[in-house]
Amino acid sequence: SQQGEEDPQALSIQEGENATMNCSYKTSINNLQWYRQNSGRGLVHLILIRSNEREKHSGRLRVTLDTSKKSSSLLITASRAADTASYFCATAGNTGGFKTIFGAGTRLFVKA
Amino acid sequence: EPEVTQTPSHQVTQMGQEVILRCVPISNHLYFYWYRQILGQKVEFLVSFYNNEISEKSEIFDDQFSVERPDGSNFTLKIRSTKLEDSAMYFCASSASGDGNQPQHFGDGTRLSIL
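Values in this document were obtained by computation on a predicted structure and should not be read as measured data. (Residues numbered from 1 in each chain as written. Chains lettered and ligands numbered in written order. Predicted model: local features only at pLDDT ≥ 70, side-chain atom pairs only at ≥ 80, totals over all residues. Heavy atoms only, no water.)

Draft legend 1. Examining the overall build of chain B more closely. Across its full length, chain B holds zero helices and 11 strands. Reading the helices (α) and strands (β) of chain B from amino to carboxyl end gives β-β-β-β-β-β-β-β-β-β-β. The C-alpha radius of gyration computed for chain B amounts to 13 Å, which stays within 12% of the reference 13 Å derived for 115 residues, consistent with globular compactness. Projecting the C-alpha coordinates of chain B onto the three principal axes gives extents of approximately 40 × 30 × 30 Å. The 115 residues of chain B split such that 48% are buried. The positive charge centre, built from 9 side chains, and the negative charge centre, built from 15, are 5 Å apart in chain B. (Helix = DSSP H or I, 4+ residues; strand = E, 2+ residues; numbered from the N terminus. Rg over C-alpha atoms; globule rule 2.2 N^0.38 Å. Buried < 20%, exposed > 50% of the residue type's maximum accessible area, 1.4 Å probe, protein only. Lys, Arg positive; Asp, Glu negative; His and termini not counted. Charge placed at Lys NZ, Arg CZ, Asp CG, Glu CD.)

Draft legend 2. Spotlight on the pairing of strand 6 (residues 53-57) of chain B. All names here are of chain B. By the bridge criterion, four bridges tie strand 5 (residues 43-50) to strand 6 in an arrangement that is antiparallel. Opposite Val47, over in strand 6, you have Lys57 as the bridge partner. Here strand 5 folds back onto strand 6, and the loop between the two strands holds two residues, one of which, Asn51, carries a positive phi near 55 degrees. (Pairing = 2+ DSSP bridges.)

Draft legend 3. The arrangement of the pattern of salt bridges in detail. Scanning all chains against the criterion turns up four salt bridges over all chains. Here Arg41(A) and Asp108(B) are joined by a salt bridge, their closest N and O atoms 2.9 Å apart. A residue pair is termed interchain when its members come from two chains, as with Arg41(A) in the loop between strand 4 (29-37) and strand 5 (43-50) and Asp108(B) in the loop between strand 10 (105-106) and strand 11 (110-114). Overall, Asp108(B) belongs to the partly exposed group, its relative accessible area being 36%. In this structure, Arg62(A) engages Glu55(A) in a salt bridge whose closest nitrogen and oxygen atoms are separated by 3.1 Å. (Salt bridge = Lys/Arg side-chain N within 4 Å of Asp/Glu carboxyl O.)

Draft legend 4. Summary view of the side chain of Thr82(B). All names here are of chain B. Counting through the fold element by element, Thr82 comes out in the loop between strand 8 (75-79) and strand 9 (88-95). There is a polar contact of 2.9 Å between the side chain of Thr82 and the backbone oxygen of Gln17. Aside from chain neighbours lying at most four places away, what touches Thr82 is Thr13, Gln14, Met15, Gly16, Gln17, Val19 and Ile114. (Polar contact = N/O pair within 3.5 Å; in protein donor to acceptor, adjacent residues only side chain to side chain. Contact = heavy atoms within 4.5 Å.)

Draft legend 5. Structural view of the sheet that holds strand 8 of chain B. All names here are of chain B. As summarised here, the arrangement of the four strands in space is 1-3-8-7, forming an open sheet in which the pairing is antiparallel. At either end of the open sheet lies a strand with only one pairing partner, and these are strand 1 (5-7) and strand 7 (65-68). The mean angle between the axes of side-by-side strands here comes to 20 degrees, regardless of whether they run parallel or antiparallel. (Axes fitted to C-alpha atoms, helices over the stretch in contact; angles between N-to-C directions.)

Draft legend 6. Here's a closer look at the state of the cysteines. Residues and elements named next belong to chain A. Counted by the stated rule, this structure contains two disulfides over all chains. Bridging Cys23 to Cys89, the disulfide has an S-S length of 2.0 Å. Residues Cys23 and Cys89 are joined by a disulfide whose S-S torsion is about 65 degrees; by sign, that bridge is right-handed. Taken together, the residues span a long stretch of sequence, with Cys23 in strand 3 (residues 19-24) and Cys89 in strand 9 (residues 85-93) at a distance of 66 residues. (Disulfide = S-S within 2.5 Å.)

Draft legend 7. The packing of aromatic side chains, seen in detail. The full count for this structure, using the stated rule, is 13 aromatic pairs over all chains. On the basis of an interplanar angle of 80 degrees and a centroid distance of 5.7 Å, the ring pair of Tyr35(A) and Phe106(B) is categorised as edge-to-face. Here Phe106(B) lies in strand 10 and Tyr35(A) lies in strand 4, a pairing that spans two chains. The residues Tyr35(A) and Phe106(B) share a single accessibility class, namely buried. Among the aromatic side chains, those forming a connected cluster through ring pairs are Tyr35(A), Phe102(A), Tyr33(B), Tyr35(B), Phe45(B), Phe91(B) and Phe106(B). (Phe/Tyr/Trp six-rings, centres within 6.5 Å; stacked < 30°, edge-to-face > 60°.)

Draft legend 8. Seen up close, the interface of chain B and chain A. Chain B puts 22 residues into the contact, and the matching count from chain A is 25 residues. Regarding the contact of chain B and chain A, the summed buried area is about 2,000 Å², with carbon and sulfur atoms giving 50% of it. When the buried area of chain B at its contact with chain A is split by residue, Lys42(B), Asn101(B) and Phe106(B) rank highest and sum to 26% of it. Put simply, chain B and chain A have five residue pairs in polar contact (both at pLDDT 80 or more) between them. Broken down by secondary-structure element, the contributors of at least two residues to the side of chain B that touches chain A are strand 4 (31-37), strand 5 and strand 6 of chain B. Residue classes in the side of chain B that touches chain A are distributed as nine nonpolar, nine polar and four charged. (Buried area = accessible area lost by both parts, 1.4 Å probe. Nonpolar A, V, L, I, M, F, W, Y, C, P; charged D, E, K, R; others polar.)

In short, the description is geometric, and any link to function would need to be established separately.
Printed below as a string of structure tokens:
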């Protein structure tokens, strides 16, 4: 089984709509991060939520974390065509070793 | 804003040959990582590096792989005898801390094609 599984795998919406992506994980974590990847580029950090936090906002992004369900969601409000990208959740465990596990990602397509 | 840079952007190598992928992390970062992404698939952790030694490695990072920080700025990934299945994007990342409480900054990757 994989740490950090996102759903849906792909999401297509109209510009102006909200996009919600979900992530589930399996082991204890220190925090959970969301990254974005434009096609052919490296990952860009979006937001980090610590294990003792339940919700965090950054601009049009809203992240929630439910450690009892081992799940997180990323909401992008008022989406734009430029938000078209893949979005990954990533978890850092509390076992040491600095290992970060990425999920399979959600491919978001925002139609203008 | 400081960036992680990777060279080359694309490397084509014959199977069985050695390849070295290079990365210049952000200068005041202390933790370094390599990841692999096969086309269309997830980003897979390979190895983390801190204080001039490997902190953790995945099962992918077998004896064919090695990492090195040969000087104060470069961080390299070497694959000794490449296989077809090593074809992928390889991403380098660095962070100020290793507990995941600081974001990792990624380079744009090296596309490795094994023929």
